[in-house]
Amino acid sequence: MHDVLVIGAGLAGLTAARALTHAGQRVRVLEAAPQVGGRVHSRVVDGFTLDAGYQVLFPAYPAAQRWLKLDTLGLVPLPSAAVIRRGERADVVGSPFSDPGALGGTLTTRALGLGDKARVAALALRLRSPAPWTLLRGPDETTEAYLRRFGFSEAALDHFFRPFFGGIFLRRELDTSARLFRYYFRMLLDGGAALPAAGMGEVSRQLAQGLDLSLGVQARRLTPHAASVTVETSAGDLEARHVIVATDPSSAAQLTGEAAAARGHLSSTYLHYAAPAPLDRERRLLLNAGPGLIQNAHWLSNVIPERAPAGGHLLTVTVLDLPDLDDEALDARVRGELARWYGAAGVATLRLLLTERIRHAQYPQPPEYASTLSGHATRLPGVLLAGEATSMSGIQGAMESGEKAAAIILGDPAGMSRPRGA
Ligand SMILES: Cc1cc2nc3c(=O)[nH]c(=O)nc-3n(C[C@H](O)[C@H](O)[C@H](O)COP(=O)(O)OP(=O)(O)OC[C@H]3O[C@@H](n4cnc5c(N)ncnc54)[C@H](O)[C@@H]3O)c2cc1C
């Protein structure tokens, strides 16, 4: 019999399994998919390394610092500035402190007025000093309400915050909790964003190293007994003293019967294009502040040439939600929008590698959502929840939830009482 069975090899399950294995527990991880990582994985298509969708690591995440060997992940820092695209117009906006290349553009950009530039600096000053986790406390409101109270203009919201933070929270409406906005802003200030050269899947691979893992095994039912739990799986029954359910929120609700674990879906769609030559030398993220489906686009091979085979270049385009268009029609719409940036002849050289529709990328996190979070306990004795349903919909949230479930099993008071975001 195992001490602990962990269901789900996403970042939550892998972190829980690592913490427990470190502490000497006999742990096995069951994963329904053929690979580890859940939403954080990469694969090679025609020689191009594609992440699941487009996501980045904030190296300042405290849980990432505790559990990842960041120096061996092959992290490539991303420029901290971004380019605001409105048709043919391109303005650089960003932090000249961490990206000297952005200085000229940021001071002269027409995307932000003088007052808004001063307010960005004031916001950074305000959010820089408190302990980051405390930014998840205090009064809550929408991100838009918070930014308006701070005095930001309509133009700043439309030309910078909606395109940029809309891509992080997958909600251009800026109706995500302002506490989360403040926390993520701080994470960016403290460590910027980075990508492992070999793909975000490296994060999961590193966490999975040395663990006892069964891939392609789906957990179907949990039956608690006096001192153990039986897990009915697609590969037969297994028994353990404890079970950690570290699946996506909907599967967690199904397995445990905890309705609060189900948290709804934010969806997003990605188009990965191969190009024989880059249509743009820009290394920064391109934010669409104009009309259209494109939320953002990134010439990933301009930052990480290894993501493309020799002579190839990689562009990944993010579209929010799941547009009601078939792949061909969606590709045509996106090409039409890219043609406003690069001209039709350049866009005709792009070859679509993959269209990826991700139904559950994150869950909605409106103001005060934290007060409705599921705890780790379930009504099933011996069964604990991990996964973002207990915390934040992101890498820090997933990892800290795994840590906490492990701390509960280990009876580790410091781990159990660590605040969210710390
Ligand atoms: C496109 C995209 C962009 C994102 N951008 C960012 C970002 O920039 N920054 C950030 O911090 N976060 C981002 N996120 C969110 C972040 O990736 C997730 O919050 C986090 O990875 C969730 O981890 P998890 O372990 O809780 O869940 P998951 O990754 O969903 O893992 C759950 C695992 O459980 C498995 N499973 C489910 N049911 C069963 C079962 N019955 N039996 C066995 N296994 C099962 C699944 O196959 C899966 O592997 C993004 C996510 C996506 C998809």
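Residues numbered from 1 in each chain as written. Predicted model: local features only at pLDDT ≥ 70, side-chain atom pairs only at ≥ 80, totals over all residues. Heavy atoms only, no water.

Engineer: Could you clarify how one ought to interpret the overall build of the protein chain in this entry?
Structural biologist: What the protein chain contains, in helices and strands, is 14 helices and 18 strands. For the protein chain, the C-alpha atoms occupy an extent of roughly 65 × 45 × 40 Å along the three principal directions. Put simply, the protein chain has 422 residues, and 57% of those count as buried. Nonlocal contacts in the protein chain, meaning residues at least 24 apart in sequence, comprise 70% of its contacts between residues at least 6 apart. Element-wise, carbon and sulfur atoms account for 55% of the exposed surface of the protein chain, whose accessible area totals about 16,600 Å². Computed over 43 positive and 40 negative side-chain charges, the separation of the two mean positions in the protein chain equals 4 Å. (Helix = DSSP H or I, 4+ residues; strand = E, 2+ residues; numbered from the N terminus. Buried < 20%, exposed > 50% of the residue type's maximum accessible area, 1.4 Å probe, protein only. Contact = heavy atoms within 4.5 Å. Areas by Shrake-Rupley, 256 points an atom, 1.4 Å probe, with all protein chains shown as cover. Lys, Arg positive; Asp, Glu negative; His and termini not counted. Charge placed at Lys NZ, Arg CZ, Asp CG, Glu CD.)

Engineer: Please explain the site of the ligand as it appears in this structure.
Structural biologist: Around the ligand, the structure places 34 residues, and the nearest of them are Glu 31, Arg 39, Tyr 61, Glu 388 and Ile 395. One of the backbone N or O atoms of Leu 11 is found 3.1 Å from an oxygen atom in the ligand. Contact between the ligand and Gln 55: an oxygen atom at 2.9 Å from a side-chain N or O atom of the residue. Against a free-state accessible area of 1,000 Å², the protein chains account for coverage of 93% of the ligand. Of all the secondary structure elements, the ones that give two or more residues to the shell around the ligand are α1 (11-22), β2 (27-31), α9 (249-256), β17 (351-362) and α13 (395-410). (Near = heavy atom within 4 Å. Polar contact = N/O pair within 3.5 Å; in protein donor to acceptor, adjacent residues only side chain to side chain.)

Engineer: So what exactly am I meant to see when it comes to the pairing of strand β12 (residues 236-245) here?
Structural biologist: Regular strands place side chains that alternate from one sheet face to the opposite one. Pairing geometry for strand β1 (residues 2-7) and β12, over five bridges, is parallel. What sits directly across from Leu 5, in β12, is Val 243. The pairing of strand β11 (residues 229-233) with β12 spans five bridges and is antiparallel. By the bridge assignment, Val 229 is partnered in β12 with Ala 240. (Pairing = 2+ DSSP bridges.)

Engineer: Can you walk me through the domain arrangement of the protein chain in this structure?
Structural biologist: Interface size is commonly expressed as the accessible area that is lost once the parts come together. Domain annotation of the protein chain identifies domain 1 (2-40 + 200-264 + 366-416), domain 2 (42-76 + 265-362) and domain 3 (79-192). Taken together, the contacts link 24 residues of domain 1 with 22 residues of domain 2. Summed over both partners, the interface of domain 1 with domain 2 buries about 2,000 Å², with 59% contributed by carbon and sulfur atoms. Our enumeration of links across domain 1 and domain 2 arrives at one salt bridge. Of the charged contacts, one joins Arg 66 and Glu 403 as a salt bridge, the two residues approaching to 2.7 Å between their closest N and O atoms. Across the contact surface, domain 1 and domain 2 share 12 residue pairs in polar contact (both at pLDDT 80 or more). For the side of domain 1 that touches domain 2, the elements supplying multiple residues, two or more each, are α1, α8 (201-208), α9 and α13. (Domains from an automatic or database assignment. Buried area = accessible area lost by both parts, 1.4 Å probe. Salt bridge = Lys/Arg side-chain N within 4 Å of Asp/Glu carboxyl O.)

Engineer: What exactly am I supposed to notice about the nonpolar core here?
Structural biologist: Ranked by size, the top nonpolar core spans 96 residues in total, and within it Leu 123, Leu 147, Phe 161, Phe 165, Phe 181, Tyr 184 and Ile 244 carry the most contacts. Among the elements that line this core, the one with the most residues is helix α6 (residues 154-169), at eight residues. Ignoring sequence-local partners within four residues, the contact set of Ile 244 consists of Val 4, Leu 5, Val 6, Ile 7, Ala 16, Leu 20, Leu 384, Ala 386, Ala 405, Ala 406 and Ile 409. Residues Leu 271, Trp 299, Val 317 and Val 347 belong to the second largest nonpolar core, which totals 20 residues. (Core = buried A, V, L, I, M, F, W, Y, C linked by side-chain atoms within 4.5 Å.)

Engineer: I tried to follow the pattern of salt bridges on my own but got confused; where do I start?
Structural biologist: Pairing is possible between side chains that carry opposite charge, provided their charged atoms lie close to one another. Evaluation of the coordinates by the stated rule reveals 28 salt bridges. The salt bridge involving Arg 162 is made with Asp 158; its shortest N-O contact spans 2.9 Å. Placement of both Arg 162 and Asp 158 in helix α6 is noted, with a separation of four residues, approximately one turn of the helix. Owing to a relative accessible area of 32%, Asp 158 belongs among the partly exposed residues under this scheme. Where Arg 221 meets Glu 232, a salt bridge forms, and the shortest distance between an N and an O atom there is 3.5 Å. In this pair, Arg 221 sits in strand β10 (residues 219-224) while Glu 232 sits in strand β11, placing the two residues 11 residues apart along the sequence. Each of Glu 144, Arg 148, Glu 154, Asp 158 and Arg 162 takes part in salt bridges that share partners, so that together they form one network.

Engineer: Explain the packing of aromatic side chains here, please?
Structural biologist: A complete count under the given rule lists 21 aromatic pairs for this structure. Measuring from ring centre to ring centre gives 5.1 Å for Phe 164 and Phe 165, while their planes differ by 90°; the resulting arrangement is edge-to-face. Of the two residues examined, Phe 164 and Phe 165, each falls in the buried class. When the ring centre of Tyr 146 is taken as reference, the NZ or CZ atom of Arg 182 above it lies at 4.7 Å. (Phe/Tyr/Trp six-rings, centres within 6.5 Å; stacked < 30°, edge-to-face > 60°. Lys NZ or Arg CZ within 6 Å of the ring centre and 35° of its normal.)

Engineer: Explain the pairing of strand β14 (residues 285-288) here, please?
Structural biologist: Here β14 shows two buried faces, one formed by Leu 285 and Leu 287 and the other by Leu 286 and Asn 288. For strand β6 (residues 82-86) and β14, the ladder comprises four bridges, and the chain directions are parallel. Paired with Val 83 across the strands is Leu 286, a residue of β14. Note: β14 against strand β15 (residues 294-299), two bridges, orientation antiparallel. Within β15, the position partnered with Leu 286 by the bridge is Ala 297. What sits between β14 and β15 in their antiparallel hairpin is a turn of five residues, with Gly 292 showing a positive phi close to 120°.

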